[in-house]
Amino acid sequence: MTEFDPGAFEHQAQERWQHAFEPDPAGAEKFYINVAYPYPSGAMHVGHGRTYIVPDVIARFWRMRGRQVLYPMAFHVTGAPVIGISKRIARQDENTIRLYRDLYRVPPGVLEKFVDPLTIVQYFSDEYQRVMTACGLSIDWRRRFTTVDPTYSKFIEWQWKHLYGAGYVIKGAHPVRYCTYDENPVGDHDLLEGDKAEVIRFTLVMFTYGDAVIPTATLRPETIYGVTNLWVNPSVTYVRALVDGRPWVISREAAEKLQLQDHTVTIESDIPGTDLIDTTVSHPLCGEIPILPAEFVDPDMASGMVMSVPAHAPFDYIALRDLQQEGRYTGIRPVPLITVEGYGNVPAQDAVEKAGIASQLDPRMETITQEVYSAEFAKGRLLEQYGGRPVRVARDEVAALMAAKYGSVVMYEFDTRPVVCRCGNRVKVKILHDQWFLKYSDPAWKKQVSDQLQEMALVPAEVRAEFDRTVAWLKDWACTRRVGLGTRFPWDTTQLIEPLSDSTIYMAYYTIAHRIRDMDPAILTPEVFDYIFLGRESPGLPERDRLDGMRNEFLYWYPYNFRFSAKDLISNHLTFQIFHHVAIFPKENLPQGMVVFGMGLLNGAKMSSSKGNVFLLEDAVKEFGADTVRMFLVGSAEPWQDFDWRNELVISTKKQIERFYSAVREMKDAGGEPSDIDLWLASRLQEHIRKTTEALDNFQTRQALQESFFGIESDLKWYRRRCPDDRDGSRMLGSLCSAWVRLLAPFIPFTCERIWQELGKEGLVSFAEWPVADEKLINRRIELAEELLLRTADDIESIKKLIQITPKSITIALAPAWKHGVFKTIARAPDKNSAIREMMKDDAMRRRGKAATDAAKQCTTLLHRLPPQVIELIIKDGINERAVFKQAKAFLEREFGVPVHITDAEGSPHAKATAALPFKPAIVIE
Ligand SMILES: [Zn+2]
């Protein structure tokens, strides 16, 4: 026999698993799970590892339960990211080269070839497959494809024909995130920074400045009545530019942005910020006002100019106050224009003073600003002289007035910045014309999605609200791009379908991927897919037999049972895929469930490839072994919780697996006669089987491991203590080993395949039958007796530590029958206090006086500490404590090495004996 050698186990199992996980439609019921496929532009780290290992554990579990399980994988290569990477490598970008050469360890000869984006994709797809296989993922690799395969493009064309036919593909003008370097709209996947940024619509308020205008961007046009000054940054150089033929004074950044938003812009000259300070501007709604200096004005925010409303904007208030404290501009007073409940005349001043804020740099400024804005919007009203209307009405009215009479226009800007493209360029807002959209705003379509979500199993349950919010909030989605890899957009072939829009129903494509691969794309007309996926007949379908095979495959596997993905995809991909499914497939083929993951941390910090805070999955497998990596990733947290990779914890996981391996090898040949303790062990095992199964049914991988690994391990520890001196265990341990190995096989399949062989079992443990709890072996009476014994032994242990004398004897004093009565009465009562009062009305109890009330209190405390199932058993069956201890007398004497006396507490000469309670005898050590 060999020693624990994970590398050898892995090698051996991999050979035996060749083609083992390639399921075809069969008589058995199916279980189809899939994961959001990876974008292979870099090496996998341990965070990715969990994303694929959790579904593998679930796949292995259901396979052992007799299901035909499909777990496929493909690679998403659509879009601009790899093109960006290859461009950066071509121009020798230092950061990119360092990432690929040093972190991902791409050999120099290969790295040179990365100037071709498809080489990157090919290299990392192969690497992904290699590392996933090394992790033991039971994937059907026959079905692997990429989203740029010609046959896949035909499938996407078919999908889009249906979306178009349903009226969900529309054309319009729209502000989008845009990279001027790539000349392309930018999706979430294309961003280095700012993926939460939203496009906000600002009103530009036009102040007259000599022959020019100075536009300031605002979300609160109604506050024009309270403007006391403009803010300009004295250290910024602004520009004078002709915008649509009229001179504007704006920041240089704004000039560039306005060009992307349907304005013609020609820069005429530079204007230093200092030249603007202390000059005046005017607006018909606020009159003439001065321009004041402020360093906080960001030239990269909208027009780069800011109007100041110190009565209602805390930032403006405090900036003005700072200047005035230096004795400057002391003539300016805040001009209130809104009254709002809970604040005085000058809400900004109130808020700043109440919070005790001394400086504009105080981090709480953002919060109090939000509070003032929200209060004014919800409950504020303009003063009578400004029309007296509620803020929420006045805002739109003033905006409309400004647009109609005072030259205001709209400018789009992000709510948070910076927003940075993968190419390193700052992303801006551009208004795209003739842009194609998916009409996610369509109410009828949203309704269908909501209805389907209602019927789906969502794990964990809390994510349902987030899905509902996403469906309600989703707007039309720009679905084409000019640059990138992918499928040409059928109605404008200069464009491509963008990455999040060509990856919504590919789970259906997996069912046929291996059968369609070598077909001629030219014959894959929409009619062909209509037949495969919708069963629609049309004349002249080619290769009818093959199509029937694919139709059969689709009908067998679809709908999928569960889709797995990280929680940051709820707001896009996971919701989009439901939209697309309901638009295309009939009811019976709609998705059944989703499992949403938490995030991965590395030593407490967020994993990030670009920041170098990652641990590569392959390195982890090499260093610790695949089973250790698997067990740690699925056992340290439930899938939806965040997990934290720490090497020292991973090392202890490895030791646990080794312990399991040697424990089984020690036990498997035990041949002693079974005794009561074997019945106990068998009974406990049934409970662990039941609970492990239940946990995995609910995707609780951590809970399942607690039961199947640590639960059984701690039982065995007790079992060994309870075994008579003359033997190591009985022949019943053999069947425990068999069940234990099978329970752990989904988690640590390599070690389990090895042990399965050592147990002399036929075939692969990966396909062995999942253990089923045998009700006949459950023996509550024995379990309760051992529970009592174990707790008492623990008590003796702690008392021994406490008194620190060498004991000569141990006395166990048992509680009298009347205390058992008290215990049961209180345990059964829904209201413990009134139960005690009620009980004390009884004559016999009253006569016991303080002893009775003390016992009632102690029983109540004890009841809080005992597990509910133990209490239930005590009430139901009762327990003969004397018999339990009498039988275990020899065991206790062996354990503690002194004579053990069992006695009744009442009548005992020991004062301590009065403390005896049911299930907690008094212990006297002498
Ligand atoms: Zn870019």
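All figures in this text were calculated on a predicted structure; none of them were measured in a lab.

### Comments concerning the overall build of the chain
- Within the chain, the secondary structure is distributed over 34 helices and 31 strands.
- Seen through its principal axes, the chain has C-alpha atoms that stretch 105 × 80 × 50 Å.
- A burial count over the chain gives 55% of its 926 residues as buried.
- Of the contacts formed within the chain by residues at least 6 apart in sequence, a portion of 77% connects residues at least 24 apart.
- Summing over all exposed atoms, the chain offers an accessible surface of approximately 39100 Å²; the carbon and sulfur share of this is 50%.
- Placing the 112 positive and 124 negative side-chain charges of the chain at their respective mean positions leaves the two points 5 Å apart.

### Remarks on the nonpolar core
- Among the nonpolar cores identified, the biggest contains 159 residues, and F564, W645, F660 and W740 are the most heavily contacted of them.
- Element by element, the count of residues in this core is highest for helix α2 (residues 46-64), at 10 residues.
- Grouped together as the second largest cluster of nonpolar side chains are 68 residues, Y32, Y152, I505 and M594 included.

### Details of the side chain of E758
- Within the secondary structure, E758 sits in helix α27 (residues 749-758).
- Of the polar contacts made by the side chain of E758, one reaches the side chain of R665; its length is 3.0 Å.

### A word on unusual backbone geometry
- In this structure, the amide linkage connecting R417 to the following residue, P418, adopts the cis form with an omega of 0 degrees.
- Relative to the elements of secondary structure, P418 occurs in the loop between β17 (409-414) and β18 (420-421).
- In this model, V459 is joined to P460 through a cis peptide bond whose omega is -5 degrees.
- Here P460 is to be found in the loop between β20 (457-459) and α15 (463-473).
- With a phi angle near 60 degrees, H19 is a residue other than glycine that sits in the positive phi range.
- Along the chain, H19 falls in the loop between α1 (6-17) and β1 (30-35).
- The phi angle at D434 is positive, at roughly 50 degrees, despite the residue not being glycine.
- Of note, D434 is situated in strand β19 (residues 428-438).
- Note on D434: relative accessible area 52%, which makes it exposed.

### Here we look at the coordination of the zinc ion
- Binding of the zinc ion to the protein goes through C179 (SG), D182 (OD), C421 (SG) and C423 (SG), at separations of 2.1 to 2.2 Å.
- Taken together, the 4 donor atoms surrounding the zinc ion define angles of 96 to 122 degrees at the centre, an arrangement classified as tetrahedral.
- All donors of the zinc ion belong to a single chain; written as a sequence motif, their spacing is C-x2-D-x238-C-x1-C.
- Residue classification places D182 among the buried positions, given a relative accessible area of 12%.

### As for the pairing of strand β29 (residues 810-814)
- Here β29 lies mainly inside the structure; 5 of its 5 residues are buried.
- Both faces of β29 are covered, namely the face carrying I810, I812 and L814 and the face carrying T811 and A813.
- Inspection of the sheet shows β29 paired to strand β30 (residues 900-904) by 5 bridges, in the parallel sense. Counterpart to I810 in the pairing with β30 is V900.
- In this sheet, strand β31 (residues 922-925) lies alongside β29 in antiparallel orientation, the contact comprising 4 bridges. Bridge pairing links T811 to V924 in β31.

### Description of the packing of α15 against helix α20 (residues 573-584)
- Viewed as axis vectors pointing N to C, α15 and α20 meet at an angle of 65 degrees, and their least axial separation amounts to 10 Å. Overall, the two elements α15 and α20 adopt an arrangement that is roughly perpendicular. Judged by the twist between their axes, the crossing of α15 over α20 is right-handed. Taken together, the residues of α20 that come into contact with α15 (itself represented by F467, T470 and V471) are L574, T575 and F579.
- Of the residues contributing to the contact of α15 with α20, the split by class is 4 nonpolar, 2 polar and no charged.

### Examining the pattern of salt bridges
- This structure, assessed with the given rule, holds 59 salt bridges.
- One salt bridge in this structure joins E222 and R395, with 2.9 Å as the shortest N-O distance. With E222 in the loop between β7 (212-218) and β8 (229-232) and R395 in helix α13 (residues 391-405), the pair connects residues that are 173 residues apart, well separated along the chain.
- Assessed through its relative accessible area of 16%, R395 is described here as buried.

### A closer look at the environment of V664
- By the secondary structure assignment, V664 is in helix α23 (residues 647-667).
- Note: C-alpha distance between V664 and E758 (94 residues apart in sequence) is 9.6 Å.
- Ignoring anything within four residues of it in the chain, the contact list for V664 reads C737, W740, V741, I755 and L759.

### Remarks on the pairing of strand β13 (residues 287-293)
- In this sheet, β13 lies alongside β8 in parallel orientation, the contact comprising 3 bridges. Within β13, the residue paired with V232 across the bridge is P293.
- Pairing analysis gives 4 bridges linking strand β12 (residues 280-283) to β13, with the strands arranged antiparallel. Bridging across to β13, H283 finds its partner in G287.
- In sequence, β12 turns back onto β13 through a hairpin of 3 residues.

### Structural notes on the environment of M594
- Within the element layout of this structure, M594 appears in strand β25 (residues 593-597).
- By relative accessible area, which is 0% here, M594 ends up buried.
- Measuring from C-alpha to C-alpha, the distance between M594 and F562 comes to 5.0 Å, with 32 residues separating the pair along the chain.
- Contact partners of M594, with chain neighbours within four places excluded, come to L453, M456, A457, L458, V459, F467, F562, R563, L574, Q577 and I578.

### Here we look at helix α34 (residues 881-896)
- With 16 residues, α34 should cover 22 Å at 1.5 Å per step; its first-to-last C-alpha distance of 20 Å lies more than 12% under that length.
- A maximum bend of about 55 degrees is found in α34 at A888.
- For α34, the complete set of buried residues consists of E881, V884, F885, A888, F891, L892 and F896.
- Buried residues along α34 sit against α25 (701-722), α28 (780-803), β29, α29 (817-828) and β30.
- With its phi angle positive at about 70 degrees, G897 sits one or two positions after the end of α34.

Criteria and cut-off values
- Residues numbered from 1 in each chain as written.
- Predicted model: local features only at pLDDT ≥ 70, side-chain atom pairs only at ≥ 80, totals over all residues.
- Heavy atoms only, no water.
- Helix = DSSP H or I, 4+ residues; strand = E, 2+ residues; numbered from the N terminus.
- Buried < 20%, exposed > 50% of the residue type's maximum accessible area, 1.4 Å probe, protein only.
- Contact = heavy atoms within 4.5 Å.
- Areas by Shrake-Rupley, 256 points an atom, 1.4 Å probe, with all protein chains shown as cover.
- Lys, Arg positive; Asp, Glu negative; His and termini not counted.
- Charge placed at Lys NZ, Arg CZ, Asp CG, Glu CD.
- Core = buried A, V, L, I, M, F, W, Y, C linked by side-chain atoms within 4.5 Å.
- Polar contact = N/O pair within 3.5 Å; in protein donor to acceptor, adjacent residues only side chain to side chain.
- Donors = N, O, S within 2.8 Å, 3.2 Å for Na, K, Ca; no water.
- Tetrahedral: all angles 85-135°; square planar, octahedral: opposite > 155°, others 65-115°.
- Pairing = 2+ DSSP bridges.
- Axes fitted to C-alpha atoms, helices over the stretch in contact; angles between N-to-C directions.
- Parallel < 35°, antiparallel > 145°, perpendicular 65-115°, else oblique.
- Left-handed = near helix turned anticlockwise from the far one by under 90°.
- Nonpolar A, V, L, I, M, F, W, Y, C, P; charged D, E, K, R; others polar.
- Salt bridge = Lys/Arg side-chain N within 4 Å of Asp/Glu carboxyl O.
- Expected span 1.5 Å × (residues − 1).
- Bend = angle between axes of the 7 residues up to and from the residue.

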